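Architecture and fold: a report
Spelled out from the first residue to the last, the chains are:
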Amino acid sequence: MPPYALIPLLACVVSAALASANIVRDPRGRVSWLIGGVLVVAAVWSLLIVLWCAAPTPEAALPAMRAVGFAYLWLGPLCLDLIMQVRPSLSPRLHNARTLAYLLTPVLAMVHASTPWFIESAVATEWGYVYRFGPAFPLAYLFAAFWPALAVGVLIRTQAGGSELEGISGQGPILSLAVAGPLLVVTVTDALLPLLEIPFPLLGTASIAGLGGVIWIWAYRLGLTAFTAAGFAREILETLPEGVALLRGQDTIRSINGTLSRLTETPPAALIGGSLGDLLVDPRPADSGEYEALLRGRSGRTIPVSVTDIQLQDRRGSTTGRVAVLRDQRRVVELRRQLVTAAQHAAVGEMAAGIAHEVNNPIAFILANLNLLEQHLEHLGQKLAGESSADGPLDRSRSCIQAANGAVGRVAGIVREVRGFAHKGSGEPELVDVTQLVESAVRLAMPRLRGRVEVSRDYRPVPLIPAAAQDLKHAFLSVLVSSAASCGGSGTLHIRSAATPCCIEVDVEVRHQGPGLSEDALARIFDPLLHPSDAGDVGFGLAMAYHVVRDQGGRIAVESRRPSVLCVRIELPVPEDEEAT
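Residues numbered from 1 in each chain as written. Predicted model: local features only at pLDDT ≥ 70, side-chain atom pairs only at ≥ 80, totals over all residues. Heavy atoms only, no water.

With respect to the overall build of the protein chain
We count it as follows: Only DSSP runs of H or I with at least four residues qualify as helices, and only runs of E with at least two residues qualify as strands; both kinds are numbered from the N terminus onward. Classification of residues uses two cut-offs on accessible area relative to the type maximum, computed with a 1.4 Å probe and protein chains only: under 20% is buried, over 50% is exposed, and between them is partly exposed. Note on contacts: a residue pair qualifies if any of its non-hydrogen atoms lie within 4.5 Å across the two residues. Only the protein chains shown count as covering a residue, and every accessible area follows the Shrake-Rupley method with a 1.4 Å probe.
Looking only at helices and strands, the protein chain features 20 helices and 15 strands. Sorting the 581 residues of the protein chain into buried and exposed places 42% on the buried side. Counted over contacts in the protein chain with a minimum sequence separation of 6, partners at least 24 positions apart contribute 62%. As displayed, the protein chain has an accessible area near 30600 Å², and 62% of this comes from carbon and sulfur atoms.

Quick look at the pattern of salt bridges
To keep things clear, this is the line we draw: One speaks of a salt bridge when a side-chain nitrogen belonging to Lys or Arg is within 4 Å of a carboxyl oxygen belonging to Asp or Glu.
Following the criterion strictly, the structure yields 11 salt bridges and no others. In this structure, the salt-bridge partner of R301 is E265, at a minimum N-O distance of 2.9 Å. Remark: E265 occurs in the loop between α11 (258-264) and α12 (268-271) and R301 occurs in the loop between β6 (290-296) and β7 (302-313); sequence separation between them is 36 residues. Each member of the salt-bridge network shares a partner with another, and the members are R496, E505, D507 and R569.

What to know about the packing of aromatic side chains
Basically, it comes down to this: Centres within 6.5 Å are what make two rings of Phe, Tyr or Trp a pair, Trp counting through its six-membered ring; a difference in plane orientation under 30 degrees is then read as stacked, over 60 as edge-to-face, and the rest as tilted.
Taken as a whole and assessed by the stated rule, the structure comprises three aromatic pairs. Residues W74 and Y102 carry aromatic rings whose centres are separated by 6.4 Å and whose planes lie at 40 degrees to one another, so their mutual orientation is tilted. On the criterion of sequence distance, the pair formed by W74 in the loop between α4 (69-72) and α5 (75-86) and Y102 in helix α6 (residues 91-114) is long-range, its members being 28 residues apart. For the pair F133 and F137, a centre-to-centre distance of 3.6 Å together with 20 degrees between the ring planes defines the contact as stacked. Across the pair, exposure class does not vary: F133 and F137 are buried alike.

Describing the environment of V479
Inspection of the secondary structure assignment puts V479 in helix α16 (residues 469-486). When the C-alpha positions of V479 and L542 are compared, they lie 6.0 Å apart, and in sequence the two are 63 residues distant. Apart from residues no more than four positions distant in its own chain, V479 is found in contact with V508, L542, A545, I556, V568 and I570.

Notes on the nonpolar core
Going by this rule: By nonpolar core we mean a set of buried residues, namely Ala, Val, Leu, Ile, Met, Phe, Trp, Tyr and Cys, connected to one another through side-chain atoms within 4.5 Å.
By size, the foremost hydrophobic cluster in this structure holds 51 residues, and its most contacted members are W45, W52, M65, Y72, L73, L75 and Y131. If one sorts the elements of this core by residue count, helix α2 (residues 30-53) sits on top with 12 residues. Within the second largest apolar cluster, 40 residues are counted, among which are V432, M446, V508 and V549.

Side note on a nonpolar patch on the surface
The line we're drawing: Any residue with relative accessible area above 30% and no salt bridge may belong to a patch, with like charges joined within 9 Å and the nonpolar Val, Leu, Ile, Met, Phe, Trp and Tyr side chains within 5 Å.
A contiguous nonpolar surface patch, about 270 Å² in accessible area, is contributed by L6, L9 and V13. By the secondary structure assignment, L9 is in helix α1 (residues 6-25).

Some details on unusual backbone geometry
In the Ramachandran plot, E265 falls in the positive-phi region, its phi being about 55 degrees despite a non-glycine side chain. The exposure class of E265 is partly exposed, given its relative accessible area of 32%.

Topic: the packing of α1 against α2
Note the threshold: Axis definition: a line fitted to C-alpha atoms, over the contacting stretch in the case of helices. Angles run 0 to 180 degrees between N-to-C directions. In what follows, roughly perpendicular refers to angles from 65 to 115 degrees, roughly parallel to angles under 35, roughly antiparallel to angles over 145, and oblique to any angle outside these ranges. Two helices crossing with the near one rotated counterclockwise from the far one by less than a right angle form a left-handed crossing, whereas a clockwise rotation gives a right-handed crossing. Residue classes follow a fixed rule: Ala, Val, Leu, Ile, Met, Phe, Trp, Tyr, Cys and Pro count as nonpolar, while Asp, Glu, Lys and Arg count as charged, and any other residue, Gly among them, counts as polar.
For the pair α1 and α2, the least separation of the axes is 8 Å and the interaxial angle reads 160 degrees. If you check the angle between α1 and α2, you find them roughly antiparallel. Handedness of the α1/α2 crossing: left-handed. The segment α1 lies against α2, with P8, L9, A11, C12, S15, A16, L18, A19, N22 and I23 engaging S32, W33, I35, G36, L39, V40, A42, A43, S46, L47, I49 and V50. For the contact of α1 with α2, the class distribution of residues is 17 nonpolar, five polar and no charged.

Quick look at the pairing of β7
Operational definition: Strand pairing is assigned whenever DSSP identifies at least 2 bridges connecting the two strands.
Inspection of the sheet shows β6 paired to β7 by seven bridges, in the antiparallel sense. Each residue of the ladder has a partner; that of E290, found in β7, is T308. Linkage of β6 to β7, two consecutive antiparallel strands, is achieved through a turn of five residues, within which G300 is found at a positive phi near 95 degrees. In this structure, β7 lies alongside strand β8 (residues 319-328), joined through nine bridges in antiparallel fashion. By the bridge assignment, S306 is partnered in β8 with R327.

So this is what it looks like as structure tokens:
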């Protein structure tokens, strides 16, 4: 076999590999099969060239030469069909031409293989055998070249028309090159030069294989995994965050997308043919076709989902199947839990405000009576001044009354703090002392911190700034409670306030012995839906503080300096007139 045969042999291998890869990539797409068909034709054509190059005599090579009609004659209708599929606007104009091409090709191929009309004989050359054309060969060539040339001509004239591949710009010139390039090479090397009896290798099949590889690389670099509307729809389904299942009958799964496979932790092949009802736990159907359920995965883990059931109908209105869309509701469920918790906290706050209001009157009554009792005790002490035996009990009574006054005073202070905290405030900016707001939040948080977290303070002088006092106090309390929650069992809480030329800084540094927050939890620290397993209640509290501080024109940041040190920094802007002072 001459060395020249290596060229068609390589073209055969490349064409067959590209054809298989293209069909496997989108086995349900007609365009993929048409592209694969063109490459299969090139592979068969190349194989026949290799066979006649390996023949011992010209007579033995002649059957393979004549059989090549079953290959190259199919290029015409396949290329025509391919262009029509990619550019649907051409279908009405070329539909009859495509049908005629598919009907005539097998007839012409059989005549090509069984008669000398197209290939008369084989001739030996220095690189192998070449064919000598029969009188009807121009007819076969015109037949193979006419159909793709017709499609390219119509395509060029209708470039303004729409395309099914809207994501690919400039596809008209690319398709024209894909068809015209190999057609030109085949015309020159496989038809014109042999017709003129000019010795030259046959490169038609190599050009088809090479262009197929170029198109494949081009499509891969652009990420084009589908060339039709159906393929494009499948790509969309694969990128949806919802799980989608196509059902037949009652609930037998016919097809699913990748999201549903990931949610169930099950390969698609294991789900297809099964029942969707077997995957759902505690479904609650509704008349609207939407309901909630738990989706069970392979590991037994359940995920809350909402299911939308859509009936598929044909043009006569008969039901042909169903589509079930399953949305992951884990974040929604977590949001509901957080909202319920917030509502509970609000209810407790309102109840605490009511209790504080009710407790305030008895405290005032107790304080008034203690003051009156102290006055009576002083009067009694003056009357018994001459009796030394009364000095001891009177002094002790005075001490007890003073201690009781102090204790009740502290209770009254706590009541005032609770009532002030529960008061919504006007929301309008007013001049506030940030340090006083922080200290007020510390006093409110102490019942939760005492015994668990040691608190230290470092307050520096800060200027008054305009801000919504109540909102800021809520934000500081949320930061303190959330920071203490990150300590786990115990730790230290260091609070610092200071003024810079442009802002007031409030730092809350937490030191604890726990494992600290993960990088993912730290990145989503202001997410109100941060899962409790990641950061306890830190996310919800800091999310509220984040919005309050941002509304005041400030910024809040969280930094994990070491696994055991968490620092929350709040910066509030100082007005320009305050900066000047």
